[in-house]
Amino acid sequence: MQQQQTAFRRAEKKHKARRGLPNLADVIDVSTIDASDGAAVRQLSLTRDMCQPSALPFQTFCQDRPPAYTLRDHPGLIVIPNPFTAEAQRWLARKCLCDCTRPPNRTNLDPFFDLPSQSLFALASLPSNNRLANTSMREESQHLVASRVQSDSIDAGISRPKGRIYTQSAPAADLLEHLRWCTLGQQYNWTTKEYDLGTSAFDRELNALMHSIAEAISDPAYAACDGSEDWPRINSYDGSEFVSQAGIINYYDDRASMAGHVDKTEESMDAPLISLSVGLSCIYLIGGPTRDTEPTPLLLRSGDVLAMCGDSRLAFHGVPRVLPDTAPEYLTQPNAGDADDVAARYPEWHNFAVYLGTHRINCNARKCSQK
Ligand SMILES: O=C(O)CCC(=O)C(=O)O
């Protein structure tokens, strides 16, 4: 007998369907919806400021109290449509592509390839006719970046390909297209679903950014525009206690998706899971405690902050679709807007622009322990 599909699975299939343009008719875009009609979306007022992280030497947020929203059917979910300056998004992209992918952080490529100690992105970005690049680097970027490792010498607990020793080289640019995730801080083991692969220092600047956001979303008030007072507290966690102990950066091309799941390995479920997006937009599904709860499709754009707090911390969620050609111009057109500033700070921005025009990056942070 055929098993009935769950509500979450049905929604995934619907939004994943690739024929034609995506149908965004029932996808909630909090930044354009009228949140005052008391329907599915409620506007929140943050009761704390988005404070400039002192670790970041540029203006990070556009305003102290940006608009924030929650969803009636998903208590605890907070969405803040892009509160960042363009500069902060560029910094985040660079952080996620260059700094965070280096050892001792792990990536999905590590079990199969010996990655260079410089970032794969930097290596992939070297133009083959770049006269400035020294010959060996040029050769590396074109031909021999990485090789398959001997599959017998495997750390316990990580999936590796079957078979003996075989080596195969791949150009850095090709490998970059296969970069799917990297793990920060306490290293998550996708096989055991535990944080049992050791710990690398969580990036200090990224932690400072996540901390500022965690503080700003402490105890927000919701606008009870219909007079009802029966909404659960959105987030009673004191964000000043928030420390990013583990993080995952996900890299999506415009055909990639992430299946519905719950992030439940962490001990500390009262702390929010904070998630930032940069590059292409996506359809994000937020559901409930089981796959049988009807999920709500949300449009997430570059710069959007999503925090899973309260009950939504343990909700099923996933990304059935990334939307091509949706990255903002200030990321994809190096000459748009504050071009001089970009040129000065990011002389190699062109390579980021190409990547962000065709990919979505999601960077999320969690507190793992109760302490
Ligand atoms: O890409 C996203 O927005 C979701 C990522 C996610 O759910 C995860 O890393 O657990």
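This one's a predicted model, so the numbers in the text were calculated from it and none came from an experiment.

A few words now on the confidence of the model for the chain. Scored by pLDDT, the chain comes out at a mean of 84, with 80% of its residues at no less than 70. Per-residue pLDDT stays below 50 along residues 129–164; that stretch engages in 75 contacts with residues further than four places along the chain or on separate chains.

This part takes up the pattern of salt bridges. One pass over the structure, following the stated rule, counts 13 salt bridges. For D49, the salt bridge identified is with R65, shortest N-O distance 2.6 Å. Of this pair, D49 sits in the loop between β1 (41–45) and β2 (68–71) while R65 sits in the loop between β1 and β2, and the two are 16 residues apart along the sequence. Residue classification places R65 among the partly exposed residues on the basis of a relative accessible area of 42%.

In the vicinity of the ligand, the contacting residues are N250, Y252, M258, H261, D263, Y284, H317, V319, R360, N362, N364 and R366. Side-chain polar atom of D263 to an oxygen atom of the ligand: 3.2 Å apart, as the coordinates give it. Computed on the free molecule, the ligand has an accessible area of 300 Å², of which 96% lies beneath the protein chains in the complex. Sort the elements by how many residues they give to the shell around the ligand and strand β14 (residues 359–366) lands first, with four residues. Within the shell around the ligand, the residues separate by chemical class into four nonpolar, five polar and three charged.

Time to look at helix α9 (residues 349–356). Side chains that are three or four residues apart share a direction in an α-helix, a result of its 3.6 residues per turn. Among all positions of α9, only W349, F352, A353, Y355 and L356 are buried. On an axial view of α9, the arc spanned by its buried residues comes to 165 degrees, and they lie on one face.

Following both chains from N to C, one finds helix α2 (residues 86–99) and α9 inclined at 85 degrees, their axes separated by 11 Å at the closest point. Comparing the axis directions of α2 and α9 gives the class roughly perpendicular. Residues R90, A93, R94, L97 and C98 of α2 touch α9, and the partners they reach there are W349, F352, Y355 and L356. Residue composition of the contact of α2 with α9, grouped by class: seven nonpolar, no polar and two charged.

Cut-offs and rules
Residues numbered from 1 in each chain as written. Predicted model: local features only at pLDDT ≥ 70, side-chain atom pairs only at ≥ 80, totals over all residues. Heavy atoms only, no water. pLDDT = per-residue confidence, 0-100. Contact = heavy atoms within 4.5 Å. Salt bridge = Lys/Arg side-chain N within 4 Å of Asp/Glu carboxyl O. Helix = DSSP H or I, 4+ residues; strand = E, 2+ residues; numbered from the N terminus. Buried < 20%, exposed > 50% of the residue type's maximum accessible area, 1.4 Å probe, protein only. Near = heavy atom within 4 Å. Polar contact = N/O pair within 3.5 Å; in protein donor to acceptor, adjacent residues only side chain to side chain. Areas by Shrake-Rupley, 256 points an atom, 1.4 Å probe, with all protein chains shown as cover. Nonpolar A, V, L, I, M, F, W, Y, C, P; charged D, E, K, R; others polar. Arc of directions from axis to C-beta. Axes fitted to C-alpha atoms, helices over the stretch in contact; angles between N-to-C directions. Parallel < 35°, antiparallel > 145°, perpendicular 65-115°, else oblique.

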